[in-house]
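So you can see what is in the structure, the chains are spelled out below.
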Amino acid sequence: GFVAVERRVRAPMLPLSLFRSGNFSGANLLTLLLYAALGGGLYFFPLNLIQVQGWSATAAGAALLPFILIMFALSGWAGQLVDRFGPRLPLVIGPAIAAVGFALFALPGVGASYWSGFLPAVVVLGLGMAVTVAPLTTTVMNAVGPELAGVASGVNNAVSRAAAVLAIAVFGAIMAWAFDAALAEHLQAAGASAQVTAFFEGERARLAGAAMPPGVDAATAEALRRAVAEAFVAGFRWVMLLSAGLALLSAASAWRMIGGKGATQAG
């Protein structure tokens, strides 16, 4: 309905002619895919640190500080990449680096060290996003005339927010599916009773925050906690590998749709 109205009104809120620009369409498709990976993947990262690794909420929040610092430190340098190389190269290389970062998140297991397990992933993801964000914004703004710069910026911002929200919903379903399958397998391997298995049927929605069945001894409770944590990690790996795939698709969309050097200006 929105598209139909925007095609007919004299002064559309979103001029559909903007999407005739390959740079504008390509940049927004890249935004949709990459920010879906970022929003969906990083939504589950603090849950891993808090519910599986046993971190405090403060420590889990601080775990992403290197990501922020890298983007802050490299933003000025990254902003010059479009002038030097054109928009296509940084918008292919940046998401490809981010894809490696997402893949690295899939490696650590239960009890992983931050320094050897998660920090490399955070640093590589931060580098990939630093290479991407400033050239992406420049490409969006340069794809239209000055009179439409506000509209272009608003569209790109809306696409990034919608991508994250949609990804959390989709990744949540995938996480639940993978968690349930892995938990059933671990409970069976641990020789859990029918009563314990039935108890966890009602706790599945809490993922790694699931409570332990009442009345079990300490050793059994520890084994069950391990099974729940391993099940969460199994789902988390699915999420991060899917995020890596989306990042690679965003790099491919940039390669296919965005022009090289000399194709940065509107018209």
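For the structure itself, consult the block above.
Remember, predicted model here, so these are calculated numbers, not experimental data.

Undergrad: Kindly report on a nonpolar patch on the surface, identifying the contributing residues and their values.
TA: On the surface, F2, V3 and M13 cluster together into a nonpolar patch covering about 320 Å² of accessible area. Tracing the sequence through the fold places F2 in helix α1 (residues 2-8).

Undergrad: Report on the pattern of salt bridges, specifying residues and quantitative values.
TA: Here the structure, examined in full by the defined rule, presents five salt bridges. With a closest N to O distance of 3.0 Å, E230 and R226 form a salt bridge. Of this pair, E230 and R226 both sit in helix α10 (residues 218-257), four residues apart, which is roughly one turn of that helix. Taken together, the salt bridges that share partners define one network made up of D180, E201 and R204.

Undergrad: A description of the side chain of N48 should follow, citing residues and the corresponding values.
TA: Within the secondary structure, N48 sits in helix α2 (residues 22-52). Overall, the relative accessible area of 1% leaves N48 in the buried class. The residues touching N48, leaving out its near neighbours within four places in the chain, are Q53, F118, F232 and F236.

Undergrad: Which residues make up the nonpolar core, and what are the values?
TA: Generally speaking, a soluble globular protein has its nonpolar side chains buried in company with each other. In terms of nonpolar packing, the biggest core is built from 70 residues, with F45, F102, F105, L125 and F200 touching the most fellow members. Listed by contribution, the elements that provide at least two residues to this core are α2, α6 (88-105), α7 (114-142), α8 (149-189), α9 (194-201) and α10. Apart from the residues lying within four places of it in its own chain, the contact partners of F45 are A63, L64, F105, F118, V122 and F236.

Undergrad: Give a detailed account of the packing of helix α4 (residues 65-79) against α7, specifying residues and quantitative values.
TA: At their nearest, the axes of α4 and α7 sit 8 Å apart, and the two run at 30 degrees to each other. As far as their axial angle goes, α7 and α4 are roughly parallel. Considering only the axes of α4 and α7, their crossing is right-handed. Along the lines of polarity and charge, the residues of the contact of α4 with α7 split into 19 nonpolar, three polar and no charged.

Undergrad: Could you give an account of the packing of aromatic side chains, naming the residues involved and the relevant values?
TA: A complete count under the given rule lists nine aromatic pairs for this structure. The interplanar angle of 85 degrees and the centroid separation of 5.1 Å between the aromatic rings of Y43 and F44 together place this pair among those described as edge-to-face. For F44, a relative accessible area of 3% gives the class buried. Connected via pairs of aromatic rings, a cluster forms that spans F45, F105 and F118. The ring of W255 has R88 sitting right over it, with the charged end atom 5.1 Å from the ring centre.

Undergrad: Break down the environment of F85 for me, with residues and values.
TA: Looking at the secondary structure, you find F85 in helix α5 (residues 81-85). Residue classification places F85 among the partly exposed residues on the basis of a relative accessible area of 38%. Taking C-alpha positions, F85 is 7.6 Å from G260, a pair spaced 175 residues apart along the chain.

About the cut-offs
- Residues numbered from 1 in each chain as written.
- Predicted model: local features only at pLDDT ≥ 70, side-chain atom pairs only at ≥ 80, totals over all residues.
- Heavy atoms only, no water.
- Patch = residues over 30% accessible without salt bridge, like charges linked within 9 Å, V, L, I, M, F, W, Y side chains within 5 Å.
- Areas by Shrake-Rupley, 256 points an atom, 1.4 Å probe, with all protein chains shown as cover.
- Salt bridge = Lys/Arg side-chain N within 4 Å of Asp/Glu carboxyl O.
- Helix = DSSP H or I, 4+ residues; strand = E, 2+ residues; numbered from the N terminus.
- Buried < 20%, exposed > 50% of the residue type's maximum accessible area, 1.4 Å probe, protein only.
- Contact = heavy atoms within 4.5 Å.
- Core = buried A, V, L, I, M, F, W, Y, C linked by side-chain atoms within 4.5 Å.
- Axes fitted to C-alpha atoms, helices over the stretch in contact; angles between N-to-C directions.
- Parallel < 35°, antiparallel > 145°, perpendicular 65-115°, else oblique.
- Left-handed = near helix turned anticlockwise from the far one by under 90°.
- Nonpolar A, V, L, I, M, F, W, Y, C, P; charged D, E, K, R; others polar.
- Phe/Tyr/Trp six-rings, centres within 6.5 Å; stacked < 30°, edge-to-face > 60°.
- Lys NZ or Arg CZ within 6 Å of the ring centre and 35° of its normal.

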